[in-house]
Amino acid sequence: MKTPMKTEPNAREVGSVEALIARTKHQLNRARAVRIALLACAVGGAAAAIGGGAFLLAGARVPVVLYVVVLVCSAAIAWAAWVIERVGDRAAAQFLDKSFGLDDGLTTSLDLHHTHAGGAFGALQVAWAARRAEGLEPTPLMPKPGRLLIAGAILLPTLAVSLGFAPESAAVVAERERFARTLVLSAELNKGIGEAIEDTIASADEEELAELEPNELRELADALEMSGEQADLLRQYAEMEHELAARAEALQAPRAEELMARAGEALSEGDETARLGRMLEEKRFDEAAKELEKFKPAPEVTAEDLARRREEAERLKKLTKRLADARRRMDAAQSAAGKPSRSASDRSANTDDAQTGRLSSRKGGTTSTNDDQGRPIEGEIREMEEAVEELERALAECEHGACEQGELNEASDKLKRARSAVNSMQGELRKLGAKQRARSKLSKLRSTLAQCQSTVAGQSQSPFAGGREAGQGSAKSQNAEVNRDDGRQLDLQGIQGQGPSELEVEEADSGSGVTTRGEAARNVDYQRQFESFVERPDVPDALKEGVREYLERIHRGPADAGSTDEEDGTR
Amino acid sequence: MTGLTTDDVRAAESAAADFVATFERIRAEVAKLIVGQREVVEHVLIAIACQGHVLLEGVPGLGKTTLVTTLGKAMHLDCGRIQFTPDLLPADVVGSMILAERSGEKVLEFQRGPVFTNLLLADEINRATPKTQSALLETMQERSVTVAGRTMPLDRPFFVLGTQNPIESDGTYPLPEAQLDRFFFKLHVPMPDESELETILQRTGGVELPEVSAVATGEEILAMGETLRRVPIESGVQRNLIRMVRRSHPSDADAPESVKKFVRHGASPRAAQAMLAAARARALLAGRYHVSGADVRSVAPAAMRHRLILSFEGEAEGVRTDDIIADVLATLD
């Protein structure tokens, strides 16, 4: 009869093997944890040091967020590595087998124990493994981190942290400050431009407003953005300036102005029309419109003032004739230059369409273009010409005839037509004047924008600095003494002929001249700069010699320099 | 391991001890006559313990035949020998039906061939025609002979120890893959070194040859095989064994480059079975009750070298299967 196998020794044997494996696993895991932690410190430290170094090379301070990110990433990667590399029972058994040369004995024992397989030979194997495991101590076999790793884990994070204390470079500070300044400046300039546009609109009369299109100007101002980047600001101000330039150009009426200039020239020749002619020549269109009032005939004619009306008609005829002559001369000149002369009637639909299309392509604002600005005036001249001819005829008939009421009425109608033609001409002149003023206002705005660009580039003060109006001046000095760069003290007493003066007299071959003391001080500065330059050790001798020779030549003057050249040539 | 009794464990321990004792007795007895060749003898004995056939390859005069006859004597087994020649017929191997007179009547009677023995030496096996070689197929795998519709079992134990000359190739017929696969091991018989040669001359140059005694029986050999099967193998070690076989195939993704380039067909499942059995034997001989990875590795070349079929490139470049097996082993943990 088979006796049951003694379980007590087996349990103890199995227990001892399992305890050894558990101990080994614990120690291996601890050793790996230490290694992973050190590795994470070293790698994280290296990453932070490299990142910090990059920031420092760029001149910036190392941001705290870099350390936070590196720390979190290192911890996460270390945790993942720990989870992946954690040693199990089998790996611990394999480690022991390999380390103590047990030929997979403990691994097999563990396997047999877990699978309850192997039968009698399995029991023998477990006992064999337990015997071999007795007295084994895994502690000395535990892998220890290398010195290099420990050093890296300490030094690299230390280095990375120390980089965090390094200050940022002056260039970066300056850049940041410049950015902030530019941002503030952009706000100030944008506001100033907006206000300038509002002022322009407020100061414009109705006719100017019709040309300026204020809503579009406001949109342009609203489209301006704040920016800390100089280039962006320069670009947007340049674009706005370009837009205003285009608008100003669209307001130009070269043909009409040329016609008026020619007309002015022609009118200047007559005694009565000379004043009007000068005004037109000088492009004082508003004044010219007022002056034209004088040439307007009275609206009614009676038998008694027929002669007076004829005089007025005669005066208007002379004016009209000169205007018509000027128009014809211009047409002839343009025909000679190759441009087909176009009458007012044939310059209608197709060209209007063309100009409308061209303008609509440029933000669709204005309604006319340069080439067509003269046409209404030409039409008005023609109208005036016709009206004056009819008036003259009507007045002549009235004079030669019985001068009945019917003829007088007709003459009155012609008078009204002539007045109306003059009124229209006045209107056109006022329109030209309004365009001129609008152009002037736009030019002023352009100038402001150009100043803004100059301000952004650091070349000038803000155009909106200070008040809008001139301040109150005072002759009273705020400072009794003024210290100068050159160390000289000025005490201006304000008593003529006494005390130090701002002026100095410089003697030259051609005579003596007066220079301000500021100029003299600048010359001293230049001299010092050149002296320090030629004494610098890092400047090549040839260059120093060149500078010295240049200055000597300046002092000697052209004649001496010429002789020196000749001497050099003979050498 | 539940339900085990101490008797069971003691019986297992005793069986293991008997295995080792029997093995060592035979080895010691063989060593009386066979000088050196320790590894060859050990592998042959392991194959015999595993009931496997062995193909010995070596030049003539290295003691292959002596080894077989010595083994037969030491194990007290009936030995037979067939000298394979091109004119040898299958009937000369397995036997044939002859007309015999029994009690005045003529009857057809089976004349047993030389395979009806325990230990068959198939000398220069590659000199016989494939037809004759294939006559051994059934005997090696089924351990039986079928003639004229009658199947006759062979005596147990039954082992074939084939020899072949690796140098001479004229008039030889390379063994077909199917037959090669039936050999448990293929062993290279090395040339003895100087001291071993001196000992050989001393032992065989005298008037009397050393006397080899029977130190084991056929039953004990069969019992050895039974013992082996009970030795446990850890799942990880077995997994490595399987990978070893799989990676000898060029189609395996993890196969080394040399396998992919020079091997046409890898080792068969019989190779895995042979390696497991042989590794168990080595474990017991090492005093262990479990198979280790080292046991598997040590027997892998002998079990796999004849089962790898080289490609044309491999043949052309003279690649050795042992080198390829070394590459396969190098890919494992």
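Residues take numbers from 1 onward in each chain, read along the sequence in its written order. Working convention: letters from A go to chains and numbers from 1 go to ligands, in the order in which they are written. pLDDT decides what is reported in this predicted model: residues at 70 or higher carry local features, side-chain atom pairs at 80 or more are listed and counted, and totals for whole chains, interfaces and linings draw on all residues regardless. Here the side-chain values reflect all heavy atoms present in the structure, with hydrogen atoms and water set aside.

1. Some thoughts on the overall build of chain B
Basically, it comes down to this: Runs of E in the DSSP output that reach at least two residues are strands. Runs of H or I that reach at least four are helices, and both are numbered from the N terminus. Here's how the labels work: a residue is buried when its accessible area is under 20% of the maximum for its type, exposed when over 50%, partly exposed in between, all with a 1.4 Å probe on protein chains only. Should any heavy atoms of two residues lie within 4.5 Å, those residues are counted as being in contact.
Scanning chain B from N- to C-terminus turns up 14 helices and 11 strands. Across the 333 residues in chain B, those meeting the buried criterion constitute 53%. Here the contacts in chain B between residues at least 6 apart in sequence split such that 76% fall between residues at least 24 apart.

2. A look at the overall build of chain A
Where we set the bar: Note that accessible areas follow from Shrake-Rupley with a 1.4 Å probe, and for residues the cover is restricted to the protein chains shown.
Counting secondary structure elements, chain A contains 19 helices and four strands. Of the roughly 33,200 Å² of accessible surface on chain A, 54% is carried by carbon and sulfur atoms.

3. Here's the deal with the sheet that holds strand S1 (residues 53–57) of chain B
Residues and elements named next belong to chain B. The cut-off we apply is this: Only strands joined by at least two bridges in the DSSP assignment are considered to pair. The axes are straight lines fitted to the C-alpha atoms, using for helices just the contacting stretch, and the angles between their N-to-C directions are given from 0 to 180°.
The strand order across the open sheet built from five strands is S2-S5-S8-S1-S9, with neighbouring strands paired in parallel fashion. Of all the strands in the sheet, the pair left with one neighbour each is strand S2 (79–83) and strand S9 (183–188). Sheet twist, expressed as the average angle between the axes of neighbouring strands with direction ignored, equals 15°. Relative to strand S8 (residues 159–164), strand S5 (residues 119–123) is paired through four bridges, and the arrangement is parallel. The residue bridging Leu 119 from the neighbouring strand is Phe 159, located in S8. Against the sheet, helix H2 (residues 38–49) engages S1, S8 and S9, with an angle of about 175° to S9.

4. Quick notes on the interface of chain B and chain A
Quick reminder of the rule: Put simply, buried area is how much 1.4 Å-probe accessible surface two parts lose in total, over both of them, once they are put together. A carboxyl oxygen of Asp or Glu within 4 Å of a side-chain nitrogen of Lys or Arg is what we treat as a salt bridge. In the analysis that follows, any N or O atom pair within 3.5 Å is treated as a polar contact, provided that within protein one partner can donate a hydrogen and the other can accept it, and provided that, for residues neighboring in sequence, both atoms belong to side chains.
Taken together, the contact pairs 28 residues of chain B with 28 residues of chain A. Both faces considered, chain B and chain A share a buried interface measuring about 2,300 Å² in area, 66% of it formed by carbon and sulfur atoms. Our enumeration of links across chain B and chain A arrives at two salt bridges. Salt-bridge contacts for Arg 90 of chain A lead to Glu 234 of chain B; the nearest nitrogen and oxygen are separated by 3.0 Å. Where chain B meets chain A, there are seven residue pairs in polar contact (both at pLDDT 80 or more).

5. Details of helix H10 (residues 230–250) of chain A
Quick reminder of the rule: Here, expected helix span is obtained from the residue count minus one, scaled by 1.5 Å.
The terminal C-alpha atoms of H10 of chain A, which comprises 21 residues, lie 30 Å apart, in line with the 30 Å expected from a rise of 1.5 Å per residue. What H10 of chain A keeps buried is the set Leu 233, Gln 236, Tyr 237, Met 240, Glu 241, Glu 243, Leu 244, Ala 245, Ala 246, Arg 247, Ala 248 and Ala 250 of chain A.

6. Observations regarding the pattern of salt bridges
Enumeration over the complete set of coordinates arrives at 52 salt bridges over all chains. Residues Glu 287 of chain A and Arg 284 of chain A are paired through a salt bridge, measuring 2.7 Å at the closest nitrogen-oxygen approach. Of the residues examined, Glu 287 of chain A reaches a relative accessible area of 36% and is grouped as partly exposed. Residue classification places Arg 284 of chain A among the partly exposed positions, given a relative accessible area of 31%. With a closest N to O distance of 2.7 Å, Arg 288 of chain B and Asp 295 of chain B form a salt bridge. Classification of Arg 288 of chain B as buried rests on a relative accessible area of 5%. For Asp 295 of chain B, a relative accessible area of 4% puts it in the buried group. Connected via shared salt-bridge partners are Asp 205, Glu 207, Glu 208, Asp 286, Arg 437 and Lys 441 of chain A.

7. Considerations on the confidence of the model for chain A
Residues and elements named next belong to chain A. For the record, the criterion: Per residue, pLDDT measures the predictor's confidence, with a range of 0 to 100.
Averaged over all residues, the pLDDT of chain A equals 77, while 77% of them reach at least 70. This model gives residues 341–369 a pLDDT under 50, and the stretch forms 47 contacts once residues within four places in sequence are excluded. Below a pLDDT of 50 lies the segment residues 561–571, which in the model reaches six contacts outside its immediate sequence neighbourhood of four places, other chains included.

8. Section: the packing of aromatic side chains
Using the following cut-off: When two rings of Phe, Tyr or Trp (its six-membered ring) have centres within 6.5 Å they constitute a pair, described as stacked for plane angles under 30 degrees, edge-to-face for angles over 60, and tilted for the intermediate range. Our definition puts a charge over a ring when NZ of Lys or CZ of Arg is within 6 Å of the ring centre and also within 35 degrees of the ring normal.
The final tally for this structure, using the stated rule, is four aromatic pairs over all chains. Residues Phe 19 of chain B and Phe 23 of chain B carry aromatic rings whose centres are separated by 6.2 Å and whose planes lie at 20° to one another, so their mutual orientation is stacked. Residue Phe 19 of chain B and its partner Phe 23 of chain B are both found in helix H1 (residues 6–33); the two are separated by four residues, about one turn of the helix. Here Arg 315 of chain A stacks its cationic end above the ring of Phe 295 of chain A, 5.6 Å away from the centre of that ring.

9. Comments concerning unusual backbone geometry
Residues and elements named next belong to chain B. Of the consecutive residues Arg 156 and Pro 157, the connecting peptide bond is found in the cis state with omega at -5°. Within the fold, Pro 157 resides in the loop between strand S7 (150–153) and S8. In this structure, Gln 51 is a non-glycine residue whose phi angle is positive, near 60°. Mapped onto the elements, Gln 51 comes out in the loop between H2 and S1. Positive phi outside glycine occurs at Ala 148, with the angle close to 50°. Mapping Ala 148 onto the fold places it in the loop between strand S6 (144–147) and S7. The exposed category is assigned to Ala 148, whose relative accessible area is 65%.

10. Description of the nonpolar core
Rules: The criterion is simple. A nonpolar core is a set of buried Ala, Val, Leu, Ile, Met, Phe, Trp, Tyr and Cys residues joined through side-chain atoms within 4.5 Å.
Leu 106 of chain A together with Ile 26, Val 44, Leu 67, Leu 71, Phe 185 and Met 275 of chain B are the most contacted members of the largest nonpolar core, which has 100 residues in total. Top contributing element to this core by residue count: helix H11 (residues 269–285) of chain B, with 10 residues. Non-local contacts of Ile 26 of chain B, meaning those with residues more than four positions away in its chain, are made with Leu 45, Leu 71, Ala 74, Met 75, Val 215, Ala 216 and Ile 221 of chain B. Counting 41 residues, the second largest nonpolar core, distinct from the first, contains Leu 267, Ala 288, Ala 289 and Phe 295 of chain A.

11. A closer look at the pairing of S8 of chain B
All names here are of chain B. Of all six residues making up S8, six are buried, and the element is well covered by its neighbours. What you see with S8 is no split at all: Phe 159, Leu 161 and Thr 163 on one side and Val 160, Gly 162 and Gln 164 on the other are buried throughout. Relative to S8, S1 runs parallel, the two being bridged by four bridges. Its bridge partner lying in S8, Glu 57 is registered against Gln 164.

12. Observations regarding the side chain of Thr 22 of chain B
Residues and elements named next belong to chain B. In this fold, Thr 22 is placed in helix H1. A distance of 2.7 Å separates a polar atom in the side chain of Thr 22 from the backbone oxygen of Asp 18. The contact partners of Thr 22, leaving out residues within four places of it in the chain, are Ala 216, Glu 220 and Met 224.

13. A short note on the pairing of strand S3 (residues 95–102) of chain B
For a regular strand, side chains alternate in direction, first toward one face of the sheet and then toward the other. Residue and element names in this part refer to chain B. As paired strands, S3 and strand S4 (residues 105–112) are joined by eight bridges and run antiparallel to one another. What sits directly across from Glu 101, in S4, is Lys 106. Adjacent in sequence and paired antiparallel, S3 and S4 are bridged by two residues, among which Ser 103 carries a positive phi angle near 55°.

14. A look at the environment of Glu 392 of chain A
Residues and elements named next belong to chain A. One can find Glu 392 in helix H16 (residues 375–400). Residue classification places Glu 392 among the partly exposed positions, given a relative accessible area of 22%. Along the chain, Glu 392 and Leu 316 lie 76 residues apart, while their C-alpha atoms are 9.9 Å from each other. The residues touching Glu 392, leaving out its near neighbours within four places in the chain, are Arg 310, Glu 314 and Lys 317.

15. So, the packing of helix H11 (residues 254–268) of chain A against helix H12 (residues 274–281) of chain A
Residues and elements named next belong to chain A. How we decide: With respect to orientation, any angle under 35 degrees is reported as roughly parallel, any angle over 145 as roughly antiparallel, any angle of 65 to 115 as roughly perpendicular, and every other angle as oblique. For a crossing to be left-handed, the near helix must be turned anticlockwise from the far one by less than a right angle; the clockwise case is right-handed. For this classification, Asp, Glu, Lys and Arg are treated as charged, while Ala, Val, Leu, Ile, Met, Phe, Trp, Tyr, Cys and Pro are nonpolar and the rest, including Gly, are polar.
For the pair H11 and H12, the least separation of the axes is 7 Å and the interaxial angle reads 155°. With respect to H12, the element H11 is oriented roughly antiparallel. For H11 against H12, the interelement crossing comes out left-handed. Of the residues in H12, those in contact with Met 260, Ala 261, Ala 263, Gly 264, Glu 265, Leu 267 and Ser 268 of H11 are Ala 274, Leu 276, Gly 277, Arg 278, Leu 280 and Glu 281. Residue composition of the contact of H11 with H12, grouped by class: seven nonpolar, three polar and three charged.

16. Re H11 of chain B
Owing to its 3.6 residues per turn, the α-helix brings residues three or four apart onto one side. Residue and element names in this part refer to chain B. Between its first and last C-alpha atoms H11 spans 25 Å; for 17 residues at 1.5 Å apiece the expected length is 24 Å, and the two agree. Of all 17 residues making up H11, 12 are buried, and the element is well covered by its neighbours. Those residues of H11 lying buried are Ala 271, Ala 272, Ala 274, Met 275, Leu 276, Ala 277, Ala 278, Ala 279, Arg 280, Ala 281, Ala 283 and Leu 284.

17. A short note on the environment of Phe 285 of chain A
Residue and element names in this part refer to chain A. Mapped onto the elements, Phe 285 comes out in helix H13 (residues 285–292). Classification of Phe 285 by relative accessible area gives buried; the value is 1%. On a C-alpha basis, the gap between Phe 285 and Glu 257 in space is 9.5 Å, while along the polypeptide they are 28 residues apart. The contacts of Phe 285, once residues within four sequence positions are left out, are Glu 257, Met 260, Leu 280, Leu 429, Leu 432, Gly 433 and Gln 436.

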